[in-house]
Amino acid sequence: MHATDTLAEADRLMTVCNSCRYCEGLCAVFPAMELRRDFADGDLNYLANLCHSCGACYSDCQFSPPHEFNVNVPLVLAQARTDSYAAYAWPPAFSGLFARNGLAISIIAALSVAVFIAGFIGWADPKVLYTAQTGPGAFYRVMPHNTMALIFGAAFLYAIVAMVMSVRMFWKDIGEPASTLTEGASIWQAVKDASTLRYLDGGGVGCMNEDERPNDNRRLYHHFTFYGFMLCFAATSTATLYHYLLGVEAPYPWYDLPVVLGTLGGIGLLIGPVGLLAAKFRRDPAVMDKQRYGMDVAFLAMLFLTSLTGLLLLVLRETPAMGMLLAVHLGVVFSLFITMPYGKFVHGIYRFLALVRYAKEKRMMEAGELTA
Amino acid sequence: MVDLTKRYDVLVIGGGNAALCAAIAARRAGATVLVLEAATKFYRGGNTRHTRNMRCAHDAATDTLSGPYYEDEFFDDLLRVTGGETNEALAKMMIHESKEMLTWIAEQGVRFQPSLGGTLSLGRTNSFFLGGGRAMLNALYLTAENLGVDVLYEAEVIGMEIENGMFLSARVKRGEGHADVRAGSLVTAAGGFEANKEWLEESWGPAARNFLIRGTPHNRGTILKMLLGAGVDKIGDPTQCHAVAIDARAPQYDGGIITRLDCVVFGIVVNKHCERFYDEGEDVWPKRYAIWGRLVAGQPDQIGYIVFDARSLELFMPSCFPPIKADTIGELAQKLELDPAALEKTVTDFNDHVVPGTFDHTQLDDCRTEGLTPPKSHWARRIEQAPFYAYPVRPGITFTYLGVRVNHQSRMMMADGKPSVNMFAAGEIMAGNVLGRGYAAGIGMTIGSVFGRIAGREAAANARN
Ligand SMILES: Cc1cc2nc3c(=O)[nH]c(=O)nc-3n(C[C@H](O)[C@H](O)[C@H](O)COP(=O)(O)OP(=O)(O)OC[C@H]3O[C@@H](n4cnc5c(N)ncnc54)[C@H](O)[C@@H]3O)c2cc1C
Ligand code: SF4
Ligand code: SF4
């Protein structure tokens, strides 16, 4: 009946929860569950991606283990969630990358860095590579701007295409029409819910992390990470505009917009991932999908390294170390791009989409158009 | 580490709502407090873990309550469900105090939400705990610990030294051995005796062996028995309790809310001889929910079967076990290990007596039987559309009402009419004072919170004198 044992277990839990409903006010998962009586795989994948893993429903549940009903919603939904990333991976042949994700990402990242270093050594003029470079176009003396733009543009495009294909599969599987994605109200609600991490709050008191004292640390560090990432993205975008529109070439002075955005974002991407990682290691193992630890750690490590190498590059860009640092930084960023569709990055996309659908369902529920 | 050689001001026995409200109130009044809970940390808080709401009077709608519920109305409801078997003065006091409870309990960290899906009928009167009873307990424990209340788990009290209505010490199990704990005053909040089959059997006879206990296995009435043995006055009738018909496949203990079945009104209920025995459509379900445990308890082998057809399947709240399903009534009977001919006859008989009407499950409709005993007064529709479904049901005991008599201070009264020197009680263990019989949803928690808070406050004051 279900594609995997995990989905069968998720079905069992949702049936239990649906006859209990005590957690209804904690997050979006339970109200969405109440709209259904039977749970097909698509429904379960939707609910799994709606769950923010705040842990509240575990510590609030009278049936969590050691009770014989063995209700552990955060754990089972976490497992179903990672399974769903693999199930929707595109091309499907790459879904295996999720199985030992930590290892896969590490190898890809290492290879990517190695290739960039080798490429720099092979192609760049050694006199340029190992001496201090200053002034506009300094980076491009090591690697021509067009080559850089081409390689990264292609990697980025590939990631986008792969993720769009995955998203199409997800959307179809959960049974939602494409038209929902054109509803402004649902999208806007989801943007608000995602950007504030509305449901990562344990129903108001904070997440259940290491003990029964809830706190908001994970939300805070996630904000550092997410907004750090967005600032870095903004930095890259403005730099691109500078280059093509204004014809101003990097490196830019420290007070210029791309550098300011990138530095702030980079700091966020140092603090956030470290905080999240520390929270992960301290968290009650009962609610965590330990087998997929590698995926989370790999993604956090990649973000951290992207930021670290970027910031080092900023600090040391006028020294002879710039060339090699640029190679390492670009290698890390390149692997971050191409592994985006095959790692933890996708959680944000599926969760956002699940929130879009939930926003729609919630509106219909409140208007009385949808009932359990 | 908790130091058991130290003399506490207030000793609280139990670890549920009543116990924690008492402990917090006593601590806030300046007393040193020790809580002894028989269960493990996970199972702390007995039946309270399974609850979802409490009934408090309020003069205006709130964020989570859809309208006012005045003291008078609450009192009328209580009179109606108990048939007058309540200590009116005490009940009025409780209802009055319940108003303040809404804010007091929120100050202890408990959070509320609007009524849950499927419980709209309680949206005005009952305050629902966000995250349910265990969330509520977690908040109370956190507050108690932050205030400096000492709590011991796996600490069952197995004996008490009481002299002339005065508590001296309690003997508590510690691993293989035990320790004696002294305290200035005592609050007992150790629940009823619903989990004590032998005791239930004393008044219910062998039928009690087939009862399922919806909540904790720890509420065995040991403390109640000790108190009655030490001369505390008894209140209530040992056969009175809250009992509902729950899925017969539920575990013996702690099956909780999810084994509840809300489909009686949509079908017929037969016993093991395939005979109907009560009007399934007598009144709206929330008003009849709590009589079916007793009804099934009165049937042979204490088992019943709710039988309905495909049209009704999605009209009620889902429950945790799937219904038993068959294409014919005969096949259904076989699956239930009932006599197929007998069940077919009962269903045919029933169908033949259903008069035409307009089915409306949201109100008392005109779908009924005519000339059938017992009748089905509402929502009677022919059971004819395959597949057919059934749920086996057994009596599920929620909690018992027999308890210790208390006064307005929650202070125990001795059999000789004198108040106890330093013993107080709250929750199920004294529920019979206001709840002689019957039940109104959410009142169990009201009794625990209101009397718990009073008991804690008074016990603290008592210990200082
Ligand atoms: C499934 C279910 C759902 C319910 N839903 C609701 C609801 O929504 N609203 C409502 O108002 N009521 C509800 N009730 C009733 C409600 O649970 C009780 O009325 C209320 O919890 C009683 O609180 P209490 O503190 O007196 O007892 P409990 O919460 O049962 O606490 C008694 C405690 O005493 C401990 N104990 C017992 N003996 C000893 C001993 N010898 N030594 C040490 N400790 C001991 C037990 O371990 C237990 O923790 C429900 C009950 C059940 C079973
Ligand atoms: S997690 Fe537990 S308490 Fe929450 S809805 Fe599910 S069964 Fe009920
Ligand atoms: S872990 Fe949090 S977000 Fe996930 S289902 Fe439970 S309460 Fe909801």
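Only a predicted model underlies this, so the values are computations on that prediction, with no experimental measurement involved.

### Overview of the overall build of chain B
In terms of regular secondary structure, chain B is built from 11 helices and 19 strands. Computed over its C-alpha atoms, the radius of gyration of chain B comes to 23 Å, within 12% of the 23 Å expected for a compact globule of 465 residues. Considering only C-alpha atoms, chain B reaches an extent of 75 × 50 × 40 Å along its principal axes. When burial is assessed residue by residue, chain B has 62% of its 465 residues classed as buried. Considering only intrachain contacts with a sequence separation of at least 6, the fraction spanning at least 24 residues in chain B is 72%. Each charge class in chain B can be summarised by its mean position, and for the 48 positive and 55 negative side chains these summaries are 4 Å apart.

### As for the interface of chain B and chain A
Every contact between the two is made by 39 residues of chain B and, on the other side, 32 residues of chain A. With both sides pooled, the region where chain B packs onto chain A buries about 2,800 Å², and carbon together with sulfur makes up 52% of that total. Three residues, Arg-111, Ile-258 and Pro-318 of chain B, lead the burial of chain B against chain A; their summed loss comes to 19% of the area buried on that side. At the junction of chain B and chain A, the tally comes to one salt bridge. Between Glu-212 of chain A and Lys-41 of chain B there is a salt bridge; the shortest N-O distance is 3.0 Å. Put simply, chain B and chain A have 16 residue pairs in polar contact (both at pLDDT 80 or more) between them. Broken down by element, the side of chain B that touches chain A gets its largest block of residues, eight residues, from helix H4 (residues 132-147) of chain B. When grouped by side-chain class, the residues that make up the side of chain B that touches chain A number 15 nonpolar, 14 polar and 10 charged.

### Points about the packing of aromatic side chains
Evaluated as defined, the whole model comprises 39 aromatic pairs over all chains. Aromatic side chains Tyr-141 of chain B and Tyr-153 of chain B sit 6.0 Å apart centroid to centroid with 40° between the ring planes, which places their arrangement in the tilted category. Placement of the pair is Tyr-141 of chain B in helix H4 and Tyr-153 of chain B in the loop between strand E6 (150-152) and strand E7 (157-163), with a sequence separation of 12 residues. Judged by relative accessible area, Tyr-141 of chain B falls into the buried class, the value being 1%. Seen in terms of ring centroids, Phe-193 of chain B and Trp-199 of chain B are 4.2 Å apart; in terms of plane orientation they differ by 20°. Their pairing is stacked. An aromatic cluster is built from Tyr-85, Tyr-88, Phe-98, Phe-170, Trp-171 and Tyr-350 of chain A, whose rings are joined through pairwise contacts. One Lys or Arg, Lys-280 of chain A, reaches over the ring of Tyr-293 of chain A and ends 6.0 Å from the middle of that ring. The cationic tip of Arg-357 of chain A hangs over the ring face of Tyr-46 of chain A; the distance from NZ or CZ to the ring centre is 4.5 Å.

### Some remarks on the confidence of the model for chain A
Predicted confidence across chain A gives a mean pLDDT of 94, with 100% of residues reaching 70 or more. Averaged pLDDT values for the elements of chain A fall to 88 in helix H7 (residues 126-129) of chain A and rise to 98 in helix H3 (residues 41-50) of chain A.

### Observations concerning the site of ligand 1
All names here are of chain B. Close to ligand 1 lie 41 residues; Glu-37, Thr-48, Asn-53, Asn-219 and Met-445 are nearest. A distance of 3.2 Å is found between a nitrogen atom of ligand 1 and a side-chain nitrogen or oxygen belonging to Thr-222. Measuring from a nitrogen atom of ligand 1, one finds a side-chain N or O atom of Tyr-439 at 3.2 Å. Look at ligand 1: alone it shows 990 Å² of surface, and the protein chains cover 97% of it. When contributions to the shell around ligand 1 are tallied by element, the ones reaching two or more residues are helix H1 (17-28), helix H6 (222-229), strand E16 (388-400) and helix H11 (443-464). The greatest single-element share of the shell around ligand 1, amounting to three residues, is contributed by H11. A per-class count over the shell around ligand 1 returns 15 nonpolar, 21 polar and five charged.

Conventions used here
- In this convention, every chain numbers its residues from 1, walking through the sequence in written order.
- All chains are assigned letters beginning at A, and all ligands numbers beginning at 1, according to the order in which they are written.
- Side-chain atom pairs in this predicted model are given and counted only at pLDDT of 80 or more, local residue features only at pLDDT of at least 70, and totals for whole chains, interfaces and linings cover all residues.
- Calculated side-chain values reflect all of the structure's heavy atoms, with hydrogen atoms and water omitted.
- The helix and strand labels rest on DSSP assignments: H or I over at least four residues marks a helix, E over at least two residues marks a strand, and numbering proceeds from the N terminus.
- In this treatment the radius of gyration is a C-alpha quantity, and the globule benchmark scales as 2.2 Å times the residue count to the 0.38 power.
- Relative accessibility thresholds used throughout: buried, under 20% of the residue-type maximum; exposed, over 50%; partly exposed, between the two (1.4 Å probe, protein chains only).
- Residues count as neighbours in contact if any of their non-hydrogen atoms are within 4.5 Å of one another.
- Asp and Glu count as negative and Lys and Arg as positive, but His and the ends of the chain are not part of the count.
- Every charge is mapped onto a representative atom, which is NZ of Lys, CZ of Arg, CG of Asp or CD of Glu.
- Summed over both partners, buried area is the accessible surface (1.4 Å probe) that two parts give up on being assembled.
- We count a salt bridge whenever a side-chain nitrogen from Lys or Arg sits within 4 Å of a carboxyl oxygen from Asp or Glu.
- Under the rule applied, a polar contact is a pair of N or O atoms within 3.5 Å (in protein, one hydrogen donor and one hydrogen acceptor; residues adjacent in sequence only if both atoms are side-chain atoms).
- Here the nonpolar group is Ala, Val, Leu, Ile, Met, Phe, Trp, Tyr, Cys and Pro; Asp, Glu, Lys and Arg are the charged ones; every other residue, Gly included, is treated as polar.
- Ring geometry is summarised as follows: Phe, Tyr and Trp rings, the Trp one being its six-membered ring, pair when their centres sit within 6.5 Å, and such pairs are stacked at plane angles under 30 degrees, edge-to-face over 60 and tilted between the two.
- Think of it as a cone above the ring: NZ of Lys or CZ of Arg counts as a charge over the ring if it is within 6 Å of the ring centre and within 35 degrees of the ring normal.
- Per residue, pLDDT captures the predictor's confidence, and it can take any value from 0 to 100.
- The nearness test applies per residue and asks whether one of its heavy atoms lies within 4 Å of the molecule or strand.
- Where accessible areas are quoted, they stem from the Shrake-Rupley method and a 1.4 Å probe; at the residue level, only the protein chains shown are allowed to cover.

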